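A look at the structure
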Amino acid sequence: MGSGSTIWKAMPLCLALVVALQACLPACAAAPKTYIVQMAASEMPSSFDFHHEWYASTVKSVSSVQLEGEEEDPYARIVYNYETAFHGFAARLDEEEAERMAEADGVVTVLPETVLQLHTTRSPDFLGISPEISDSIWSAGLADHDVVVGVLDTGIWPESPSFSDKGLGPVPAKWKGLCQAGRGFTAANCNRKVIGARIFYNGYEASSGPINETTELKSPRDQDGHGTHTAATAAGAPVPDASLFGYARGVARGMAPRARVAAYKVCWAGGCFSSDILAAVDRAVADGVDVLSISLGGGSSPYYRDSLAIASFGAMQMGVFVACSGGNAGPDPISLTNLSPWITTVGASTMDRDFPATVTLGNGANITGVSLYKGRRNSSSQERYPLVYMGGNSSIPDPRSLCLEGTLQPHEVAGKIVICDRGISPRVQKGQVVKNAGGMGMILANTAANGEELVADSHLLPAVAVGESEGIAAKKYSKTSPKPTATLSFDGTKLGIRPSPVVAAFSSRGPNFLTLEILKPDVIAPGVNILAAWSGDASPSSLSTDRRRVGFNILSGTSMSCPHVAGVAALIKASHPDWSPAKIKSALMTTAYVHDNTYRSLKDAATGKASTPFDHGAGHIHPLRALNPGLVYDIGQDDYLEFLCVENLTPMQLRAFTKNSSRTCKHTFTSPGDLNYPAISAVFAEQPTAALTVRRTVTNVGPPSSTYHVKVSDFKGAGIVVEPSTLHFTSSNQKLTYKVTMTTKAAQKTPEFGALSWSDGVHIVRSPLVLTWLPPM
């Protein structure tokens, strides 16, 4: 890893500003944009009876139109009012108005609209959650254990058997949500499983114009498939004999199959807008969700400038657990999104299931890859087809080697198997380009950016994805043989893959550039080749030219790993209804494992080498252990506020989270590392020889009388002393504190990784321990 200064210079601090497509007001220098305005609710003047009246008056007070003596209805400028997890409103303002708004009485912060993108059966068994286990969690009084998982995504396909309400009792009495009717969706589409469905589009339309209702349904119905897939992954009911064209056949089950689902559609053809996402979080908390699954992300901003971070803080205050995807920008370092410590940030891993396919070259060499191809157009495994690669030896990519639209000529590729490099265009679209040009099949070759990681796709023609080294071998053969040939064969589904799990190459990586002392991601979970329910309006490839329709689809991304964690959090919440979001997160982190099924350290698919906590966080989730973690690290809202205080937020910036102007810092923390986080990341920032001390407090959630002994890794760069080394508990929910003193022996140029574990002989409560030395500035 580079120096600290290099880390900070490399941070992407830009926010994507979305230009609204409305006509400019007469006095505007530029077209209005949507801004999110956070208000200090307690400062509403007594002259107003309702907050929305105050908000409208504030908009009117900064309006440029009134300077021209014109009248305008300020309510027409307001896109949303927020009132639960967030206090304030979204409104269309020009830049000058936004500047004046930031100075108006009662305004905490003004944030520009941003656009976030989607982070795109076997997993319950792989995670050790048998039907008996998950069902028994609810067996002792179902009504008392009802848990609602809210999913912010592209909507839901309610007819999927994954959303059957068979065996479920009445909708929980606490539930305040509803099913919003719209084209293709009525209240009757909800049941005792899907108990809520809403849409949020005001922000999208304010910036991009009206939704084209001839092509897009302005209702909770999911035309994309992504939302249906994530909802079913988190809480889908068991569906026997599910598969995609026979691949991954088995019982498809969500992590919490008896939990309820509430769908909040925030993503449309043009993206997912932050004002809509904020409105959905606000509404979901008011509706009564227990868990939020948000497989969305964009650029990372300071905590006080990140509307999702602020909204999720409000959700945490209301006891709602929030899981977010970490992003698909790996294996580049410092590529994570959703970095707030009160969010559980999830990376992606593989499972022990694969879909092998084989390329046999004319020289007899066999190349192993993966594929989900299943179609009428099968290449004969007995016949060799001409093989061609249109790229050259230049270091500059040839558009033809990438098989981009319009680059392949029929006279060059017709009847042949074409080698295509990954990059720029979607993987399945490359196959469509080859097919349109008359190609017989495709070998999709990874580049250095993807390494040896294999992601299976439902291609439209016979196609096999291969790793970088295998791709290089195939390309070399195609260029050196006078008459290169190849055959493709498809081998179905294979279980028991070793090693597994492996950290996905695409999974975004740490460190957490906002706060190095807070380790991110928090955990990893299955996110490669995940089978789950699918929309009846979308093809498995998501290409418009693909006319196939399926009930289940196989996808990869941290979008898929996030609902795994949300679903497991629902299981934990059902088993421990009184646990805070921080306790649930702690249980997931401290019981995670860091060894694969060959008993070696978890590997990184991008390098083939051992992964680090910057890649896998605390490790891979282990749901059964998380249900009974022994000890937990709890964190309350006051602790998070003290954490923000040492992040050098100004009093005004801090109000984005306090929502109360009277709240001040108590200065109980000396550094961000004092937060009672389940991971310890120590940063030696000034004097290399200095000692650092952090304290942690654990809560006993195991047997009332228990004794835990500590074990800590050896480090080259520092000596570690834990005091006390033994913790004696005499009652349930008893809290005990320990301190860790780290003294530098020899400053290291790269971070060192280890762990600190407490064990009572039954439970192992493991925390990652990371030491980083920053060079002098």
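The model shown is predicted, which means the values in this text are computed figures rather than measured ones. (Residues numbered from 1 in each chain as written. Predicted model: local features only at pLDDT ≥ 70, side-chain atom pairs only at ≥ 80, totals over all residues. Heavy atoms only, no water.)

**Considerations on the UniProt feature "active site" (unreviewed entry) in the protein**
Residues annotated in UniProt with the feature "active site" (unreviewed entry) correspond here to D153, H226 and S559. Their sequence span is 407 residues, while the largest C-alpha to C-alpha distance among them is just 9.8 Å; these annotated residues converge on one region. Take H226: it is sitting in helix α7 (residues 226–235). Note on placement: S559 falls in helix α13 (residues 558–575). Looking at S559, the relative accessible area reads 0%, which means it is buried. At 2.9 Å, the side chain of S559 forms a polar contact with the side chain of H226. (UniProt positions renumbered as here; feature names shortened; annotations may be inferred. Helix = DSSP H or I, 4+ residues; strand = E, 2+ residues; numbered from the N terminus. Buried < 20%, exposed > 50% of the residue type's maximum accessible area, 1.4 Å probe, protein only. Polar contact = N/O pair within 3.5 Å; in protein donor to acceptor, adjacent residues only side chain to side chain.)

**Overview of the packing of helix α9 (residues 307–317) against helix α17 (residues 637–645)**
Where α9 contacts α17, the two axes come as close as 10 Å, and the packing angle between them is 150°. Judged by the inter-axis angle, α9 sits roughly antiparallel to α17. Between α9 and α17, the residues in contact are F313, M316 and Q317 and Q637, Y640, L641 and L644, respectively. Here the residues of the contact of α9 with α17 are counted per class, giving five nonpolar, two polar and no charged. (Axes fitted to C-alpha atoms, helices over the stretch in contact; angles between N-to-C directions. Parallel < 35°, antiparallel > 145°, perpendicular 65-115°, else oblique. Contact = heavy atoms within 4.5 Å. Nonpolar A, V, L, I, M, F, W, Y, C, P; charged D, E, K, R; others polar.)

**What about the confidence of the model for the protein?**
Looking at the protein as a whole, the pLDDT averages 89, with 89% of positions reaching at least 70. Here residues 140–144 scores under 50 on pLDDT; set against residues more than four positions off or in separate chains, the count is three contacts. (pLDDT = per-residue confidence, 0-100.)

**Some remarks on the packing of aromatic side chains**
What the rule picks out here adds up to 20 aromatic pairs. Summarising the aromatic geometry, the rings of Y303 and W342 are spaced 5.9 Å apart at their centres and angled 50° between planes, so their arrangement reads as tilted. Within this pair, whereas Y303 is found in the loop between β14 (296–297) and α9, its partner W342 is found in the loop between β15 (321–325) and β16 (344–349), the two being separated by 39 residues in sequence. Here Y303 matches W342 in class, with each residue buried. Relative to W342, the ring of F313 lies with its centre 5.0 Å away and its plane at 85°, an arrangement referred to as edge-to-face. (Phe/Tyr/Trp six-rings, centres within 6.5 Å; stacked < 30°, edge-to-face > 60°.)

**Looking at the pairing of strand β34 (residues 706–712)**
Here four bridges tie β34 to strand β36 (residues 726–729), and the two strands are oriented antiparallel to one another. Residue H709 lies in a different strand from β36, and its bridge partner there is T726. Where β34 lies against strand β38 (residues 752–759), four bridges are found, and the strand directions are antiparallel. Bridge pairing links K711 to S757 in β38. (Pairing = 2+ DSSP bridges.)

**Some remarks on the pattern of salt bridges**
Enumeration over the complete set of coordinates arrives at 22 salt bridges. Between D398 and R400 there is a salt bridge, and its shortest N-O distance comes to 3.4 Å. Residue D398 is classed as partly exposed on the basis of its relative accessible area, which comes to 21%. Looking at R400, the relative accessible area reads 28%, which means it is partly exposed. A salt bridge links R509 to D604, with the nearest nitrogen and oxygen atoms 2.9 Å apart. Taken together, the residues R509 in the loop between β26 (502–503) and β27 (523–526) and D604 in strand β30 (residues 603–604) connect sequence positions 95 residues apart. Given a relative accessible area of 2%, R509 falls into the buried group. (Salt bridge = Lys/Arg side-chain N within 4 Å of Asp/Glu carboxyl O.)

**Regarding α9**
Extensive coverage of α9 is indicated by the burial of ten of its eleven residues. For α9, every residue scored as buried is listed here: S307, L308, A309, I310, A311, S312, F313, G314, A315 and M316. Where α9 starts, the residue carrying a side-chain oxygen 3.0 Å from the main-chain nitrogen of L308 turns out to be D306. Just beyond α9, the residue with positive phi is G319, at close to 85°.

**Quick word on helix α3 (residues 95–103)**
Inspection of α3 places E97, A98 and M101 among the buried residues, and these make up the whole buried set. Seen along its axis, α3 keeps its buried residues to an arc of 100°; they face one direction. Residues E99 and E103 are exposed on α3 and point more than 90 degrees away from its buried face. In this fold, the buried residues of α3 make contact with β1 (33–39), α2 (51–62), β3 (88–93) and β4 (107–112). Backbone nitrogen of E96 and a side-chain oxygen of the N-cap are separated by 3.0 Å at the start of α3; the cap is D94. (Arc of directions from axis to C-beta.)

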